[in-house]
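Take a look at the letters that make up each chain.
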Amino acid sequence: MNSNFSLLNNSKKTIAYINKQLINYPKSEMVLKQNMEKNMYEIIELIFSYSISDVERIKLKYLKDLIIKLSMLDFYVATSFEKRIISKKKFESTAMCIVEIRKIAYGLVRNEAKS
């Protein structure tokens, strides 16, 4: 299976899952909600940028930026759990999805660094 496809596919599934949760965020946490939404769209943008780019150094930069965005998304989800906006089960399942995407991204980084 193509790594780019699995990276994009897993990201889309995770983002769809998080979007379902964002509906229930209180209005007092609008900034957190907006940051999560913005971050999720940037993740997809970085994956497409990585796929389209031909220069290995630039591809590596997009992957590293993707890992940073994933870490921020993980932070936002953890903050949501700490503020009791989402349940422990939703937090754990979302975190596991993010970890899967991060593993794929790190594998691609290793692959790009070798070539």
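The coordinates are above.
Nothing here was measured: the structure is a model prediction, and the numbers come from that model. Numbering of residues begins from 1 in every chain and follows the order in which that chain's sequence is written. Side-chain atom pairs in this predicted model are given and counted only at pLDDT of 80 or more, local residue features only at pLDDT of at least 70, and totals for whole chains, interfaces and linings cover all residues. Remark: hydrogens and water are excluded; side-chain values derive from all non-hydrogen atoms of the structure.

**Notes on the environment of Ile-85**
Working definition: helices are DSSP H or I runs of at least four residues, strands are E runs of at least two. Numbering for both runs from the N terminus. The topology assignment puts Ile-85 in the loop between helix 3 (56–82) and helix 4 (88–114). Here the alpha-carbon distance between Ile-85 and Pro-26, two residues 59 residues apart in the chain, equals 7.9 Å. In this description, contact between two residues means that some pair of their heavy atoms is separated by no more than 4.5 Å. Excluding its chain neighbours within four sequence positions, the residues that come into contact with Ile-85 are Tyr-25, Pro-26, Glu-29, Leu-32 and Ser-80.

**Digging into the pattern of salt bridges**
Salt bridges are defined by distance alone: a side-chain nitrogen of Lys or Arg within 4 Å of a carboxyl oxygen of Asp or Glu. Following the criterion strictly, the structure yields seven salt bridges and no others. Among the ionic pairs, Lys-83 bridges to Glu-29, the shortest N-O distance being 3.1 Å. With Lys-83 in the loop between helix 3 and helix 4 and Glu-29 in the loop between helix 1 (3–22) and helix 2 (30–52), the pair connects residues that are 54 residues apart, well separated along the chain. Relative accessible area decides the class of each residue, using a 1.4 Å probe on protein chains only: under 20% of the type maximum gives buried, over 50% gives exposed, and in between gives partly exposed. Overall, the relative accessible area of 46% leaves Lys-83 in the partly exposed class. You can call Glu-29 buried: its relative accessible area is 16%. We note a salt bridge from Lys-88 to Glu-92, for which the minimum N-O separation is 4.0 Å. Here Lys-88 pairs with Glu-92, and both are found in helix 4, just four residues apart, close to one helical turn. Relative accessible area serves as the criterion here: at 53%, Lys-88 is assigned to the exposed category. In this structure Glu-92 comes out as partly exposed when scored by relative accessible area, which is 42%. Overlapping salt bridges bring together Lys-38, Glu-42 and Lys-69 as one network.

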